[in-house]
Amino acid sequence: MADAGTAGGRRGRSLLVPAILTAIGLALIAGFVSLGVWQLHRRAWKLNLIATVEARLHAAPVAAPPTAGPGDVYRRVTARGTFRNDRETFVQAVTERGPGFWVLTPLVGPDFTVLVNRGFVPAERRAHHDRPAGPVRVTGLVRISEPGGAFLRSNDPKADRWYSRDVAAIAAAKKLGPVAPYFIDADATPNPGGYPVGGLTVVAFRNSHLSYALTWFALAILTVVGLVILWRRGRDG
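## Side note on the nonpolar core
Alright, step 1. Among the nonpolar cores identified, the biggest contains 15 residues, and Leu107, Val114, Val116, Val138, Tyr182 and Ile184 are the most heavily contacted of them.
Alright, step 2. What valine 116 contacts, discounting residues up to four positions off in sequence, is Phe83, Val103, Leu104, Thr105, Leu107, Val138, Ile184 and Ala186.
Alright, step 3. In this structure, Leu115, Phe120, Phe183 and Leu200 belong to the second largest nonpolar core, which totals 14 residues.

Given below as structure tokens:
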């Protein structure tokens, strides 16, 4: 009787470990599959976003609105007004043309003021670039404000050092009053003298969701294989 009880206890313990590992494995499989499906949903969303933005980039420009949100990003717009060149702001930038600055200038229109990123100037042209004095018409892309600064670099309004195009902070520092909560990236229409250089907006969306999904599904399959091996060894043992 003692031997039978001991054997039963050993058998119970020998089954307990595979049962625990199986439970963990099933939980992992469910998690991996869920993550894979989530990445497929993210991929569908990203592809739809890319298609939407592509359509906006090639659409005819519309009148710039007094306000805009994330749903308007990269929409082509046209604005009319007069530049306040005395309130321009230089934001540090690194572009395909090298390091330099974005030139952000308030455009005062009949109904509202909007900041316009007129384009890029290298450091040596910071003080010497085109500054139109009369009424102008600007066409470009809606961009959302970039509050706070850049990676490891905070904007310093008091020192007039800017690392991101933070609309609200720039408006406050330059005492512009109410402004549209976005800025316009001017298109590539040439400026007299060549600077600022517009049309340098980088429109790129990383889309690695399919590879991520395949990775999660592969981990789920490997876990299934591991469970099969575990139970086969247990049965053979």
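From this point on, the discussion continues.
## Let's talk about a nonpolar patch on the surface
Alright, step 1. A cluster of nonpolar residues, Leu16, Val17, Ile20, Leu21, Ile24 and Leu28, forms a patch on the protein surface that exposes about 520 Å² of accessible area.
Alright, step 2. Position of isoleucine 24 relative to the elements: it lies in helix α1 (residues 2-57).

## Notes on the pairing of strand β9 (residues 182-186)
Alright, step 1. For β9, the buried fraction is high: five of the five residues fall into the buried class.
Alright, step 2. Side chains Tyr182, Ile184 and Ala186 project from β9 onto one buried face, and the interleaved Phe183 and Asp185 project onto a second face that is buried too.
Alright, step 3. Relative to β9, strand β5 (residues 113-121) is paired through three bridges, and the arrangement is parallel. Looking at the pairing, asparagine 117 lines up with aspartate 185 of β9.
Alright, step 4. Strand direction decides the pairing type here: strand β6 (residues 135-144) and β9, joined by five bridges, are antiparallel. Looking at β9, one finds that glycine 140 is bridged to alanine 186.

## Digging into the side chain of arginine 118
Alright, step 1. Mapping arginine 118 onto the fold places it in strand β5.
Alright, step 2. Arginine 118 gets classed as buried once you look at its relative accessible area, which sits at 4%.
Alright, step 3. For arginine 118, the side chain forms a polar contact with the side chain of asparagine 191, separated by 3.5 Å.
Alright, step 4. Leave out the neighbours within four places in its chain, and arginine 118 touches Phe83, Val103, Thr105, His129, Asp130, Arg131, Pro132, Ala186, Asn191, Pro196, Val197 and Gly198.

## Digging into the environment of proline 99
Alright, step 1. Along the chain, the position of proline 99 falls in strand β4 (residues 98-108).
Alright, step 2. In this structure proline 99 comes out as exposed when scored by relative accessible area, which is 63%.

## Re the pattern of salt bridges
Alright, step 1. For the coordinates displayed, the defined rule picks out 10 salt bridges.
Alright, step 2. Aspartate 86 is the salt-bridge partner of arginine 84, the closest N and O atoms lying 2.8 Å from each other.
Alright, step 3. Judged by its relative accessible area of 30%, arginine 84 is partly exposed.
Alright, step 4. As a salt-bridge pair, arginine 118 and aspartate 130 come within 3.1 Å of each other at their nearest N and O atoms. Here arginine 118 is found in strand β5, whereas its partner aspartate 130 is found in the loop between β5 and β6, with 12 residues between them in sequence.
Alright, step 5. Overall, aspartate 130 belongs to the buried group, its relative accessible area being 16%.
Alright, step 6. Several salt bridges share partner residues, and in doing so they unite Arg143, Glu146, Arg165 and Asp185 into one network.

## Comments concerning the confidence of the model for the protein
Alright, step 1. For the protein, mean pLDDT is 89; residues scoring 70 or higher make up 92% of the total.
Alright, step 2. Confidence, expressed as mean pLDDT per element, reaches its minimum in the protein at α1 with 80 and its maximum at β5 with 97.

## Here's the deal with the packing of aromatic side chains
Alright, step 1. A complete count under the given rule lists three aromatic pairs for this structure.
Alright, step 2. Ring geometry for phenylalanine 32 versus tryptophan 216: centroids 5.9 Å apart, planes at 25°, classification stacked. With phenylalanine 32 in helix α1 and tryptophan 216 in helix α3 (residues 209-236), this residue pair connects regions lying 184 residues apart in the sequence.
Alright, step 3. On the basis of relative accessible area, tryptophan 216 is assigned to the partly exposed category, the value being 26%.
Alright, step 4. Their ring planes at 80° and their centres at 6.3 Å tell us that tryptophan 102 and phenylalanine 120 sit as a pair that is edge-to-face. Of this pair, tryptophan 102 sits in strand β4 while phenylalanine 120 sits in strand β5, placing them 18 residues apart in sequence.

## Things to note about the environment of proline 61
Alright, step 1. Summarising the element assignment, proline 61 is placed in the loop between α1 and β1 (62-63).
Alright, step 2. For the pair formed by proline 61 and valine 37, sequence separation is 24 residues and the distance between their alpha carbons is 38 Å.
Alright, step 3. Filtering out sequence-adjacent residues up to four positions away, proline 61 remains in contact with Arg76, Val77, Thr78 and Thr139.

Conventions adopted
Residues numbered from 1 in each chain as written. Predicted model: local features only at pLDDT ≥ 70, side-chain atom pairs only at ≥ 80, totals over all residues. Heavy atoms only, no water. Core = buried A, V, L, I, M, F, W, Y, C linked by side-chain atoms within 4.5 Å. Buried < 20%, exposed > 50% of the residue type's maximum accessible area, 1.4 Å probe, protein only. Contact = heavy atoms within 4.5 Å. Patch = residues over 30% accessible without salt bridge, like charges linked within 9 Å, V, L, I, M, F, W, Y side chains within 5 Å. Areas by Shrake-Rupley, 256 points an atom, 1.4 Å probe, with all protein chains shown as cover. Salt bridge = Lys/Arg side-chain N within 4 Å of Asp/Glu carboxyl O. Helix = DSSP H or I, 4+ residues; strand = E, 2+ residues; numbered from the N terminus. Pairing = 2+ DSSP bridges. Polar contact = N/O pair within 3.5 Å; in protein donor to acceptor, adjacent residues only side chain to side chain. pLDDT = per-residue confidence, 0-100. Phe/Tyr/Trp six-rings, centres within 6.5 Å; stacked < 30°, edge-to-face > 60°.

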